[in-house]
Amino acid sequence: MASAASASDRRMSIGRVFNRAFAALGANAGTMFGIAFLFSALPIALLNLWQAGLGPTRDFGTNAVLIGGIYLASFVLTQLAQGGLVRATIAHSDHRTVSFAACVATGARFALPLLALGIVMGFALLLGFMVFIIPGVLLYLAWAVAVPALVIEGTGVFGAFGRSAFLTRGARWNVFGIGLVVLVLYYILLAGVGIVTVAITGFPSPATRGLDGFLTLSSVLGAISTTVSTAAFAAIQTSLYVELRDWKDGPQIDQLSDIFA
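Keep in mind the model is a prediction, meaning the values are calculated, not measured.

Participant: So what's going on with the nonpolar core? Residues and values would help.
Facilitator: Core analysis: the largest hydrophobic core is formed by 57 residues, its most contacted members being Leu117, Leu150, Ile178, Leu240 and Leu244. Broken down by element, this core gets its largest block of residues, 10 residues, from helix H10 (residues 210-249). Excluding residues within four positions of it along the chain, Leu117 makes contact with Ala146, Val147, Leu150, Val157, Ala160 and Phe161.

Participant: Tell me what's going on with the packing of aromatic side chains, and back it up with residues and numbers.
Facilitator: Following the criterion strictly, the structure yields 5 aromatic pairs and no others. Aromatic side chains Phe18 and Phe22 sit 6.3 Å apart centroid to centroid with 15° between the ring planes, which places their arrangement in the stacked category. Taken together, the residues Phe18 and Phe22, both in helix H2 (residues 14-27) and 4 residues apart, mark about one turn of the helix. Here Phe158 and Phe161 contribute two aromatic rings whose centre-to-centre distance is 6.4 Å and whose plane-to-plane angle is 55°, an arrangement assigned as tilted. Of this pair, Phe158 and Phe161 both sit in helix H8 (residues 157-168), 3 residues apart, which is roughly one turn of that helix. The class of Phe161 is buried, set by a relative accessible area of 7%. Within the aromatic cluster, the residues linked to one another by ring pairs are Trp143, Phe158 and Phe161. For the cation-ring pair, Lys248 lies above Phe166, with the distance from its terminal atom to the ring centre recorded as 4.4 Å.

Participant: Explain the confidence of the model for the protein chain to me, and be specific about the residues and the numbers.
Facilitator: The predicted model of the protein chain has a mean per-residue pLDDT of 85, with 82% of residues at 70 or higher. In the predicted structure, residues 1-9 sits below a pLDDT of 50 and forms 7 contacts with residues beyond four places in sequence or in another chain.

Participant: Give me the lowdown on the side chain of Ser229, citing residues and values where you can.
Facilitator: The residue Ser229 is located in helix H10 in this model. Given a relative accessible area of 18%, Ser229 falls into the buried group. With near-sequence residues (within four places) excluded, Ser229 lies in contact with Tyr186 and Leu189.

How each quantity is defined
- Residues numbered from 1 in each chain as written.
- Predicted model: local features only at pLDDT ≥ 70, side-chain atom pairs only at ≥ 80, totals over all residues.
- Heavy atoms only, no water.
- Core = buried A, V, L, I, M, F, W, Y, C linked by side-chain atoms within 4.5 Å.
- Buried < 20%, exposed > 50% of the residue type's maximum accessible area, 1.4 Å probe, protein only.
- Helix = DSSP H or I, 4+ residues; strand = E, 2+ residues; numbered from the N terminus.
- Contact = heavy atoms within 4.5 Å.
- Phe/Tyr/Trp six-rings, centres within 6.5 Å; stacked < 30°, edge-to-face > 60°.
- Lys NZ or Arg CZ within 6 Å of the ring centre and 35° of its normal.
- pLDDT = per-residue confidence, 0-100.

Right, here's the structure in full:
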C-alpha cells in the first residue's frame, strides 16, 4: 500500500483511462466483442424479434411468464458478459493474454454476485434519482467501479460498494467527466442506429409490411450497437478501476491478473 504522500504525488488521468480501454478492445477484439455479442446483445435481439412476432391472439398470461423468464435469463447472461470483459481488460492491462474460454469462465463464476450487485445498485440509484436526482448521481459516482472491484478483488457485493467509494473519493469530478463522455457517445451510437434504420427501410406504418422490415433491421443494428456499447463500457469501467487503484494504492504491475491464476 502506497503512503499518503506518494499517492498525492500521482495524478489520475482521464486520457490514460480511455487509452487503456481502447487498447484492450483493439488487442482483444474477438474475445471482447464476441462475449458482448453472445451473452448480451444476441439474447436481447432474439427476444425483441420474438416479441415483434407475437400476435394479438396469443395467450397473454403465458407470454408474460415467458418474456419475464427470458428477460431474467438475459440479465444474468449480461452479468456474465460483464465479468468476462473485466477479465479481458485486466489481462491486457497486465500485458498478458487470456482466452475466450477463461473470460467466459470468470464471467460465469461472478454472474450471480454481479446480478445481486446490479439489483441492489439499481434500487438504490432509483431511490436516489426519485429523491431529487442529485443523490442518485452522487451514488453512481461513488459506485462507478463496484463491478470490477467485485470481480478483481472478490470483495463481495456490499464490500464492492465500499471499495468503489474509497477508490473514487477525491476523483469524482473526473469520474463524472468520463461518465458524461460515455453517455454522449452512447446516444450518438443510438442516433446512428435510428438514422440508418430509417434511411434503409423508411418510416414504418403498422398497416403495411414495412413494419416487419423496420423491426428486423432495428433489431440487427441494435444488436451491433449493444455489442459495441457493452464491450466499450466494461473496458472503460475496468480501466477506470485500474487508474484509480494505481492512484490510491500505487501501481499494481503484473499483479491484478494473478488473482485469476
